[in-house]
Amino acid sequence: MLASMRIVPLTADTWPALEALFREGGDPRWCWCQYWRLRSKDFSAAKVPELRERLRGQAAGDNPPGLVALDDGDQRAAARAIGWVGLGPRTDFERIIRSRVIPTIDDRPVWSITCFAVSPSTRGTGVARQLLEAAIVYAREQGATTVEAYPVLTPEGDAVSASAAFTGTWPMFAAAGFEIAADRASDPSASAQ
């Protein structure tokens, strides 16, 4: 873990740092963490600027759509975003609610952890793991009794590309205490209570 890292909710104040992280490239640059929040047809019809503005609007709202890992290492410069985790009540994610692949297990109010983005310059330093731990704490502080996620199943130690692991990896979730609640197409849906 980076000594100068802090993890905070995305707000209008932290938006510029997150925007810079997403512009570094990869999946965030085109989806702006809206993939799970929209129905498939609505996401497909949306243009990148519209998706970016949706996330900016969510950042300015009362319910932050995720947490940002900030590196405050250079005191002369503004904090730099080095990681992101998208999360919220399951009801905030239309794609999940309508999914035929991701099962709804029961009627409990569940929070979903949907995606991660870590700056290429800090990958492999534990940023995603720290984001996961912060997301669990944050969800519980907001009243969640159950947290679910949709990690990719990879043998521990095997390399996986960032674009394939945007939902996180099973070993990371297992280490955080998650259990497989139900199998979906090829990867486990995990939850922690």
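Summary of the structure given here. Starting from 1, residues in each chain are numbered consecutively following that chain's sequence as written. Local features are withheld for residues below a pLDDT of 70 in this predicted model, meaning they are given only at 70 or higher, and side-chain atom pairs are given and counted only at 80 or more; totals for whole chains, interfaces and linings count all residues. With hydrogens and water excluded, all non-hydrogen atoms of the structure serve as input to the side-chain values.

Our focus in this paragraph is the pattern of salt bridges. We define a salt bridge as a contact between a side-chain nitrogen of Lys or Arg and a carboxyl oxygen of Asp or Glu at a distance within 4 Å. For the structure on display, the rule yields nine salt bridges. A network of salt bridges, in which partner residues are shared, links Glu19, Arg23, Glu53 and Arg56.

So, about the nonpolar core. In these notes, a set of buried Ala, Val, Leu, Ile, Met, Phe, Trp, Tyr and Cys residues joined through side-chain atoms within 4.5 Å is what counts as a nonpolar core. The buried label applies to any residue whose accessible area, calculated with a 1.4 Å probe on protein chains only, is under 20% of its type's maximum; exposed applies above 50%, and partly exposed to all values in between. Ranked by internal contacts, the top residues of the largest apolar core, which has 24 residues, are Val85, Leu87, Ile113, Phe116, Leu132, Phe173 and Phe178. Helix numbering and strand numbering both begin at the N terminus, where a helix is a DSSP run of H or I of at least 4 residues and a strand a DSSP run of E of at least 2. The element that contributes the greatest number of residues to this core is helix H6 (residues 127-141), accounting for seven residues. Membership of the second largest hydrophobic core comes to 22 residues, among which are Leu38, Leu51, Leu55 and Val68.

This brings us to the pairing of strand E5 (residues 146-149). Of the two faces of E5, the one carrying Thr146 and Glu148 and the one carrying Val147 and Ala149 are both buried. Pairing between strands is defined by DSSP: at least two bridges between the two strands are required. Where strand E4 (residues 110-118) lies against E5, four bridges are found, and the strand directions are parallel. Across the sheet, residue Ile113 finds its bridge partner in E5, namely Ala149. Each parallel crossover has a hand, and the one from E4 via H6 to E5 is right-handed. The definition of a right-handed crossover adopted here requires that, viewed with the strands pointing away, the path from the first strand over the helix to the second runs clockwise.

Attention shifts here to the side chain of Arg52. Along the chain, Arg52 turns up in helix H4 (residues 48-60). Buried charged residue Arg52 carries no salt bridge. Nearest counter-charge: Glu53, at 4.0 Å. Sequence-distant contacts of Arg52, defined by excluding residues within four places in its chain, comprise Trp15, Glu19, Arg23 and Trp32. Positive: Lys, Arg. Negative: Asp, Glu. His and the chain ends are not part of the count. Residue contacts are defined here by distance: any two heavy atoms, one from each residue, within 4.5 Å place the two residues in contact.

Between rings of Phe, Tyr and Trp, where Trp is taken as its six-membered ring, a pair exists when centres lie within 6.5 Å; planes separated by under 30 degrees are stacked, by over 60 edge-to-face, and by other angles tilted. By the definition in use, this model includes eleven aromatic pairs. For the pair Phe116 and Phe173, a centre-to-centre distance of 6.1 Å together with 75° between the ring planes defines the contact as edge-to-face. Of this pair, Phe116 sits in strand E4 while Phe173 sits in helix H7 (residues 170-175), and the two are 57 residues apart along the sequence. Phe173 matches Phe116 in its accessibility class, with the two residues each being buried. Judged by centre distance (4.9 Å) and plane angle (90°), the ring pair of Phe173 and Phe178 falls under edge-to-face. As far as the burial class goes, Phe173 and Phe178 line up, both buried. Grouping aromatic residues by their ring pairs yields a cluster made of Trp30, Tyr35, Trp36, Phe43, Tyr150 and Phe166.

With that settled, the discussion passes to H6. Given a helix with a known number of residues, its expected span is that number minus one, times 1.5 Å. For H6, which comprises 15 residues, the first-to-last C-alpha distance of 21 Å matches the rise-based estimate of 21 Å (1.5 Å per residue) to within 8%. What H6 keeps buried is the set Val127, Gln130, Leu131, Leu132, Ala135, Ile136, Tyr138 and Ala139. Positive backbone phi, approximately 100°, marks Gly143, located one or two places after H6.

Turning to the side chain of Glu19, a few remarks are in order. Within the secondary structure layout, Glu19 lies in helix H1 (residues 15-22). Setting aside anything within four residues of it in sequence, one finds Glu19 in contact with Trp32, Arg52 and Arg56.

By themselves, these are just geometric observations and shouldn't be taken as functional.
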